[in-house]
2 protein chains.
Amino acid sequence: MPSELRRPERTFTIRQLCTEFKATPRALRFYEDKGLLTPARDGMNRVYSYKDRARLILILRGKRVGLSLQEIREILELYGEHDEAMTQNAHSLKKFREKIVDLEQQREDIEGAINELRAACERLEKHLAAKRPDLLPKAADYDQMLRARLDGHQELAGAK
Amino acid sequence: MPSELRRPERTFTIRQLCTEFKATPRALRFYEDKGLLTPARDGMNRVYSYKDRARLILILRGKRVGLSLQEIREILELYGEHDEAMTQNAHSLKKFREKIVDLEQQREDIEGAINELRAACERLEKHLAAKRPDLLPKAADYDQMLRARLDGHQELAGAK
DNA sequence: TATGCCCCTTACGTTAACGTCAACAGTCGC
DNA sequence: GCGACTGTTGACGTTAACGTAAGGGGCATA
């Protein structure tokens, strides 16, 4: 591949990635142990590239949707373009399709769960409003919570 | 509550629920240990009511969307209408709201994951079609898999 | 009455995904 | 030269959610 020398080619230390994504060094090393990441080295120290960072993003998102590290690894391996054992890939294809079906089901489950939680919240709120209105959280609190949550994720946009 | 004596009032054995929902007796007893289920007893034996079954459905769905048993228990407790410690409930309300935000994020994650898996599948398929078309699964297989998956869940509809 | 099936409890084992701790190395500022 | 900080590699500990095995009772069927 040409044209690899220019362009920032920025790298990251383990701590940078950790603070960016609220992970721990232990976790990143663990992912490496499991073959999900393979950062370069500068002497002893790990050096993460943009590609590594992108993989990490995928890993973390995979985790959020309930994939095991094992499953995530299989997915990531598709991004390495070695076409080694083709029958292996045929197997992967099948598993991926199954996983998609799973995820679609899960999406429905989440819809349902959200709806029930909303309903539960409403009932709780009514109940509280009637008996202990003093305990009702201020709308402002909720607002701020939401913003904090978004802050945590906004840097992710535009990645990959 | 009147009118409780008529109506089938059907009950279930542990194994019936297990086969219906593809769980294990161990799991159901475990949920009971953790306070998520409290079936009646006939001598030593557990007797599950419709209500228990409904709770189990919620438990399993909660699990599928990544809730911990602890979190599920908190949700289920809302369905018991004891208004004991009100401040506790105020706390619950806050946690539920957070959970909703979580789930909304998770739903987005799942969308993304589904899209990427689809893309990966397509690439894989192309790759296979070019080099080893013999390994491509028949469309019929996929179709049957889908149907099997749906069968597993259809009895759930109309429950709760 | 023996065999099988389902149920029970108790208790120890297991897996995934890290946390935590010890012991040591490189480097920066003073 | 010395903390302080950040990094490293083991190695053992931990939590959740069960699995599995041991030991025993209840009821039916051959």
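As a starting point, this report considers the structure included with it. (Residues numbered from 1 in each chain as written. Chains lettered and ligands numbered in written order. Predicted model: local features only at pLDDT ≥ 70, side-chain atom pairs only at ≥ 80, totals over all residues. Heavy atoms only, no water.)

1. Brief notes about the overall build of chain A
Step number 1: Within chain A, the regular secondary structure consists of 6 helices and 2 strands.
Step number 2: Starting at the N terminus and walking to the C terminus, you meet the elements of chain A as α-α-β-β-α-α-α-α.
Step number 3: Counting only residues that meet the buried cut, chain A has 35% of its 160 residues in that class.
Step number 4: Sequence-distant contacts, at least 24 apart, represent 48% of the contacts inside chain A between residues at least 6 apart.
Step number 5: With the model as given, the accessible surface of chain A reaches about 10200 Å², and the carbon-plus-sulfur share is 51%. (Helix = DSSP H or I, 4+ residues; strand = E, 2+ residues; numbered from the N terminus. Buried < 20%, exposed > 50% of the residue type's maximum accessible area, 1.4 Å probe, protein only. Contact = heavy atoms within 4.5 Å. Areas by Shrake-Rupley, 256 points an atom, 1.4 Å probe, with all protein chains shown as cover.)

2. Points about the packing of helix 1 (residues 14–21) of chain B against helix 2 (residues 25–33) of chain B
Residue and element names in this part refer to chain B.
Step number 1: Here helix 1 crosses helix 2 at 110°, and the two axes come no closer than 9 Å. With respect to helix 2, the element helix 1 is oriented roughly perpendicular. From helix 1, Ile-14, Arg-15, Leu-17 and Cys-18 reach across to helix 2, where they touch Pro-25, Leu-28 and Arg-29. (Axes fitted to C-alpha atoms, helices over the stretch in contact; angles between N-to-C directions. Parallel < 35°, antiparallel > 145°, perpendicular 65-115°, else oblique.)

3. Points about the pattern of salt bridges
Step number 1: Scanning the model with the defined rule gives 24 salt bridges over all chains in all.
Step number 2: The salt bridge partner of Glu-104 of chain B is Arg-118 of chain A, with a shortest N-O separation of 3.0 Å. Of this pair, Glu-104 of chain B sits in helix 5 (residues 86–131) while Arg-118 of chain A sits in helix 5 (residues 86–131), placing the two residues on different chains. (Salt bridge = Lys/Arg side-chain N within 4 Å of Asp/Glu carboxyl O.)

4. Focus on the relation of the copies chain B and chain A
Step number 1: If you rotate chain B by 180° and push it 0.0 Å along the axis, it lands on chain A with an RMSD of 0.1 Å. A rotation of that kind, with that shift, is consistent with a two-fold axis.
Step number 2: Most of the interface of chain B is mirrored in chain A, where 100% of its interface residues are also at the interface. (Least-squares fit on C-alpha atoms with pLDDT ≥ 70 in both.)

5. So, the side chain of Glu-74 of chain B
Step number 1: Within the fold, Glu-74 of chain B resides in helix 4 (residues 69–77).
Step number 2: On the accessibility criterion, Glu-74 of chain B (14% relative accessible area) is buried.

6. A short note on the protein's contact with DNA strand C
Step number 1: Surveying the vicinity of DNA strand C reveals 17 residues, the closest of which are Thr-24 and Lys-63 of chain A together with Arg-15, Arg-29 and Arg-46 of chain B.
Step number 2: The side chain of Lys-63 of chain A places a nitrogen or oxygen atom 2.6 Å from a phosphate oxygen of DNA strand C.
Step number 3: Among the secondary structure elements, those contributing two or more residues to the surface near DNA strand C are helix 2 (25–33) of chain A together with helix 1, helix 2 and strand 2 (45–47) of chain B.
Step number 4: Examining the composition of the surface near DNA strand C, we find that 4 residues originate from one element, helix 2 of chain A, more than from any other.
Step number 5: Residues that form the surface near DNA strand C fall into these classes: 6 nonpolar, 4 polar and 7 charged. (Near = heavy atom within 4 Å. Polar contact = N/O pair within 3.5 Å; in protein donor to acceptor, adjacent residues only side chain to side chain. Nonpolar A, V, L, I, M, F, W, Y, C, P; charged D, E, K, R; others polar.)

7. Describing the protein's contact with DNA strand D
Step number 1: Taken together, 17 residues lie near DNA strand D, and Arg-15, Arg-29 and Arg-46 of chain A together with Thr-24 and Lys-63 of chain B sit nearest.
Step number 2: Within 4 Å of the protein, the contacting atoms of DNA strand D are drawn from sugar and phosphate to the extent of 65%.
Step number 3: Note that a phosphate oxygen of DNA strand D is positioned 2.7 Å from one of the side-chain N or O atoms of Thr-24 of chain B.
Step number 4: Take Lys-63 of chain B: an N or O atom from its side chain is 2.7 Å from a phosphate oxygen of DNA strand D.
Step number 5: Breaking the surface near DNA strand D down by element, the ones donating at least two residues are helix 1 (14–21), helix 2 and strand 2 (45–47) of chain A together with helix 2 of chain B.
Step number 6: Within the surface near DNA strand D, the residues separate by chemical class into 6 nonpolar, 4 polar and 7 charged.

8. Quick word on helix 2 of chain B
Residues and elements named next belong to chain B.
Step number 1: Buried within helix 2 are the following residues: Pro-25, Ala-27, Leu-28, Tyr-31 and Glu-32. The buried residues of helix 2 all sit within an arc of 165° when viewed along its axis, so they share a single face. When the buried face of helix 2 is taken as reference, the exposed residues oriented beyond 90 degrees from it are Arg-26 and Asp-33.
Step number 2: Packed against the buried residues of helix 2 are helix 1, strand 1 (40–42), strand 2, helix 3 (50–64) and helix 4.
Step number 3: Positive backbone phi, approximately 85°, marks Gly-35, located one or two places after helix 2. (Arc of directions from axis to C-beta.)

9. Quick look at the packing of aromatic side chains
Residues and elements named next belong to chain A.
Step number 1: This structure, assessed with the given rule, holds 3 aromatic pairs over all chains.
Step number 2: When the centroid spacing of 5.3 Å and the interplanar angle of 90° are considered together, the rings of Phe-12 and Tyr-50 count as edge-to-face. Taken as a pair, Phe-12 in the segment before helix 1 and Tyr-50 in helix 3 (residues 50–64) lie far apart in primary sequence, 38 residues in all. (Phe/Tyr/Trp six-rings, centres within 6.5 Å; stacked < 30°, edge-to-face > 60°.)

10. Observations regarding the packing of helix 3 of chain B against helix 4 of chain B
Residues and elements named next belong to chain B.
Step number 1: Closest axis-to-axis distance for the helix 3/helix 4 pair is 10 Å, and the angle between their directions is 140°. Taken together, helix 3 and helix 4 sit at an angle that is classed as oblique. In the packing of helix 3 onto helix 4, the handedness of the crossing is right-handed. The segment helix 3 lies against helix 4, with Arg-55, Leu-58, Ile-59, Gly-62 and Lys-63 engaging Leu-69, Ile-72 and Leu-76.
Step number 2: Within the contact of helix 3 with helix 4, the residues separate by chemical class into 5 nonpolar, 1 polar and 2 charged. (Left-handed = near helix turned anticlockwise from the far one by under 90°.)

Honestly, it's all geometry; don't read function into it.
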